Amino acid sequence: MGAGHAHPLYLPGTSPLHRARPQCKIAASLLFVLAVVATPREAFWAFGLYAVALAGVATVGRVPLTLLARRLVIELPFLLFAVFLPFVGQGERVEVLGVPMAVGGLWGAWNIVAKGTLGVAASAIVAATTPVAELLRGLERLRLPKLLVTIAGFMVRYADVIADEVRRMRIARISRGHDPRWIWQARAVAASAGTLFIRSYERGERVYLAMVSRGYAGAMPVLEDLGATRAQWLAALCLPAMAALVAATAWGVRP
Amino acid sequence: MTPALEVEGVAFAYPDGHQALFGVSFAIQRGERVALLGPNGAGKTTLVLQCNGVLMPGAGRVVVTGLPVATEHLKEIRRRVGIVFQDPDDQLFMPTVAEDVAFGPANLGLRGAELETRVKAALAAVGMEEHAGRPPHHLSFGQRRRVAVATVLAMEPDILILDEPSSNLDPASRRELAEIVTGLDVTILMVTHDLPYALQLCPRALVMNGGAITADGTTAELLADAELLAANRLELPFGFDPAALRAR
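Residues numbered from 1 in each chain as written. Chains lettered and ligands numbered in written order. Predicted model: local features only at pLDDT ≥ 70, side-chain atom pairs only at ≥ 80, totals over all residues.

(A) Molecular detail of the overall build of chain B. Helix and strand content of chain B: eleven helices and ten strands. Rg of the C-alpha trace for chain B: 18 Å, near the compact-globule value of 18 Å for 248 residues, within the 12% margin. Taken over the C-alpha atoms alone, chain B extends approximately 55 × 45 × 40 Å along its principal axes. Looking at chain B residue by residue over its 248 residues, the buried ones come to 49%. Within chain B, residue pairs in contact and separated by at least 24 positions form 66% of the contacts whose partners lie at least 6 positions apart. (Helix = DSSP H or I, 4+ residues; strand = E, 2+ residues; numbered from the N terminus. Rg over C-alpha atoms; globule rule 2.2 N^0.38 Å. Buried ≥ 20, exposed ≤ 12 C-beta atoms within 10 Å, placed from the backbone. Contact = placed C-beta atoms within 7 Å.)

Structure, rendered in C-alpha cells:
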C-alpha cells in the first residue's frame, strides 16, 4: 500500500536553514529571484556574486553542491529552448568557433541560462531544507488564501494514494493480457482514467464525511502559531537585500 | 441510567427513493461493547451515519447519552459519537499523524497545552506515540487504522463506532487492534461481518438485515444459531465449530 516517500526533495537536517521559519525562506527566495531577474544581463560579475551567495546559503543548510547541481537538471527543457536562440536570432552576427551566431540571440540565451539556473537553485535549496507540511504552513502565514493552501495540502496527501490506485489498475489491466502499443488500443486506458476520476470523486466525498464527523465546519483549525520574530526575518532577508544591492549597483555602473 | 446510545424507530430513505432503514430500535448501555452484524447492503453504514447526524432519520429518533441528534447541537453530538471509518486513507488527511489527531479536538476549540495532552494521550492509547511526526502515508495499513482510532479517541467520545475495523488487516495487526479495543474504557459499537472478531471483542450483538434489526442477544448464542445466521446471509469461517461456542 502507498508507503512511498512524500518528500523526495527534502534533506533531513538541523542546520540553521532547516530551523528557519518556512515563511521567511519562501519570501527570501522569492525576493532574491526578483532581484536576479531585475539585474542587467551584461553584468557578469553580478551573476557570479549571486552564485557565490547561493553556494554559501547551501553550505549553511548542509545541502551538498553536487546534489544541488543534479537537481538543476529539471531546467534542462527550458535551456534547450535557449540553445536555439543564437542560431535562429536575427540581426548582427559573430563567428563562434567558425559558426555564425546572432549576437542578440547569444545575449538572450545567456540571460535565460543565468537567471533560470539561479532561480531553480534558490528554490531547490528551500525545498531541500523545508518539509512539504512546513512549506504549506509558510504559505498560509504569507496570507495565501487558506482554501488554496488546504487544496494544496490535500493534493500532497492524496497524490500517493491516487498514484497507487493507478498502479494497481494498470497491473490488473496487463494481468488480463492488455498490452497497449498503438493509439487505437488506448480505449482501456481511457476507461481506467474515467474510473479513477469517479473513484477519486467518491473518495473526496468519504473524506469530507469523515471530516464532518470530527466536527469540521468549513474552516481548518490553526494548530500552532508559527510566527517569526523580527530577528528571524532580518536574518532571512540578508540574502535578498544583498541581491537587491548588487542589482542596483549593476544598473548604476552600466555604461 | 441514560443509555449511551438510544435508537428509536429510525426509518430512512435516500433522496433517490431507496429505502435503507425500516424502523430500527435498540439501546446500548454505557460501557457495553456491542457488535452490529449483517451482510453487505443491510443498512449498517446508513445506520451509523444516523448516529452522528450526517444523515437525519425520516422517522424516529436517535439519542446520544440523553441528547437527541438534531441540527442545533450537531457539534456536541459529533464530539459524543466518534466514528472510525473503514478506509483509514479517508480519515487521515493532514500532513502529519499528530496534526491529524489534533484536527478533531481543535474543531472543538482546544488549543495549546490542552490540545497537546489530548493528542499524546490518544496516540499513547493506540501505541503510536513515536510516529506522531510522520506523514500518515508512510505508515503501514495496520498502523494507519490505529491512528484513525486515535483521531477519534482524541475527541473523548461517549461512544466509539468502528466500521469494519478488521478489514484488510493481517493477523498480527488484527490481534493488536483487538488488544487496543479491549483496553479502552469507552462504549463501543462495532460494525462488522467478521463473526469471530465480533465474538472475541463484543459480548452482545445485534443482527441487521434488509434495513431492520432481526436479532439481539449474546454474541456466542447468536453465532451458534445456524438457522438465524443462514437467514441473515451470515457465515462462520471454514473450520469454525459452533458447538464450541455454546461451551464458552
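(B) Layout of the overall build of chain A. Tallying secondary structure elements over chain A gives ten helices and two strands in all. Listed by position from the N terminus, the elements making up chain A come as α-α-α-α-α-β-β-α-α-α-α-α. A compact globule built from 255 residues should have a C-alpha radius of gyration of about 18 Å, whereas chain A, at 24 Å, is more than 25% larger. C-alpha extents for chain A along the principal axes are approximately 65 × 55 × 30 Å. Within the span of chain A, comprising 255 residues, buried residues form 25% of the whole. Contacts spanning at least 24 positions in sequence make up 78% of the contacts within chain A whose residues lie at least 6 apart.

(C) Summary view of the sheet that holds strand β1 (residues 5-13) of chain B. All names here are of chain B. Across the sheet, which stays open at both edges, the four strands sit in the order β2-β1-β4-β5 with antiparallel pairing between neighbours. The two strands at the open ends of the sheet, each matched to only one other strand, are β2 (19-28) and β5 (67-68). Pairing of strand β4 (residues 59-64) with β5, which is carried by two bridges, proceeds in the antiparallel orientation. From the neighbouring strand, Val63 faces β5, where its bridge partner is Pro68. (Pairing = 2+ DSSP bridges.)

(D) Examining the sheet that holds strand β10 (residues 212-218) of chain B more closely. Residues and elements named next belong to chain B. One open sheet holds the six strands; their spatial order is β6-β7-β8-β3-β9-β10, and the pairing between them is mixed. Sheet topology places β6 (81-84) and β10 at the edges, where each strand pairs with a single neighbour. For this sheet, the mean angle separating the axes of adjacent strands, direction not counted, is 20°. Examined bridge by bridge, β6 and strand β7 (residues 159-163) share four bridges and lie parallel to one another. (Axes fitted to C-alpha atoms, helices over the stretch in contact; angles between N-to-C directions.)

(E) Highlighting the domain arrangement of chain A. When the domains of chain A are assigned, the result is domain 1 (16-138 + 227-252) and domain 2 (145-213). Taking the mean C-alpha position of each, domain 1 of chain A and domain 2 of chain A sit 36 Å from one another. (Domains from an automatic or database assignment.)

(F) Region of the structure containing the interface of chain B and chain A. Opposite the 28 residues of chain B that make contact, chain A presents 26 residues. It is helix α4 (residues 97-107) of chain B that contributes the most residues to the side of chain B that touches chain A, six residues altogether. Looking at the side of chain B that touches chain A residue by residue, the classes come out as twelve nonpolar, nine polar and seven charged. (Nonpolar A, V, L, I, M, F, W, Y, C, P; charged D, E, K, R; others polar.)

(G) Quick look at the confidence of the model for chain A. Residues and elements named next belong to chain A. Looking at chain A as a whole, the pLDDT averages 86, with 96% of positions reaching at least 70. Per-element averaging of pLDDT across chain A places strand β1 (residues 93-96) at the bottom with 79 and helix α2 (residues 22-38) at the top with 95. Ignoring residues within four places in sequence, the model shows residues 1-5, a span with pLDDT below 50, making eleven contacts including any to other chains. (pLDDT = per-residue confidence, 0-100.)

(H) Focus on the packing of α4 of chain B against helix α6 (residues 141-153) of chain B. Residues and elements named next belong to chain B. Where α4 contacts α6, the two axes come as close as 7 Å, and the packing angle between them is 35°. As α4 packs across α6, the resulting crossing turns out to be right-handed. Within the contact between the two elements, α4 uses Val97, Asp100, Val101, Phe103 and Gly104 and α6 uses Val147, Ala150, Thr151 and Val152. Classifying every residue of the contact of α4 with α6 by side-chain character gives six nonpolar, two polar and one charged. (Left-handed = near helix turned anticlockwise from the far one by under 90°.)

(I) Quick look at the packing of α2 of chain A against helix α7 (residues 132-141) of chain A. All names here are of chain A. Where α2 contacts α7, the axes come no closer than 7 Å and their chain directions differ by 75°. Here α2 lies roughly perpendicular to α7, going by the angle between them. Here α2 contributes Pro22, Gln23, Lys25 and Ile26 to the contact with α7, which in turn contributes Glu134, Leu135, Arg137, Gly138, Leu139 and Arg141. Across the contact of α2 with α7, the residue classes break down as four nonpolar, two polar and four charged. (Parallel < 35°, antiparallel > 145°, perpendicular 65-115°, else oblique.)

(J) View of α6 of chain B. Residues and elements named next belong to chain B. Over its 13 residues, α6 runs 19 Å from end to end, which matches the ideal 18 Å to within 8%, given 1.5 Å per residue. For α6, every residue scored as buried is listed here: Gln143, Arg144, Arg145, Arg146, Val147, Ala148, Val149, Ala150, Thr151, Val152 and Leu153. Against the buried residues of α6 lie β6, α3 (88-91), α4, α5 (112-125), β7 and α7 (171-183). (Expected span 1.5 Å × (residues − 1).)

(K) A look at the nonpolar core. Counting residues in each nonpolar core, the largest one holds 78 residues, and the members touching the most others are Leu37, Ala150, Ile161, Leu189, Met190 and Ala198 of chain B. Once you skip the residues sitting within four places of it in the chain, Ala150 of chain B turns out to touch Val101, Ala122, Leu123, Ala125, Val126 and Met128 of chain B. Grouped together as the second largest cluster of nonpolar side chains are 30 residues, Val36, Ala46, Ile125 and Ala247 of chain A included. (Core = buried A, V, L, I, M, F, W, Y, C linked by C-beta atoms within 7 Å.)

(L) Broad picture of the environment of Arg41 of chain A. Residue and element names in this part refer to chain A. Mapping Arg41 onto the fold places it in the loop between α2 and α3 (44-60). Arg41 gets classed as partly exposed once you count the C-beta atoms within 10 Å, which come to 15. Note: C-alpha distance between Arg41 and Val96 (55 residues apart in sequence) is 20 Å. Ignoring sequence-local partners within four residues, the contact set of Arg41 consists of Trp107, Trp110 and Asn111.

(M) Structural context of the pairing of strand β9 (residues 204-209) of chain B. Residues and elements named next belong to chain B. The sheet contact formed by strand β3 (residues 33-37) and β9 spans four bridges and is parallel. Counterpart to Leu37 in the pairing with β9 is Val207. Strand direction decides the pairing type here: β9 and β10, joined by six bridges, are antiparallel. Residue pairing in the sheet places Val207 in a bridge with Ala215 of β10.

(N) Seen up close, the environment of Ser173 of chain B. One can find Ser173 of chain B in helix α7. The spatial distance from the C-alpha of Ser173 of chain B to the C-alpha of Asp194 of chain B is 15 Å, given a sequence separation of 21 residues.

(O) Seen up close, the confidence of the model for chain B. Here chain B averages 92 in pLDDT, and 98% of its residues register 70 or above. Among the prediction metrics, the complex's ipTM stands at 0.77, with pTM recorded as 0.77.

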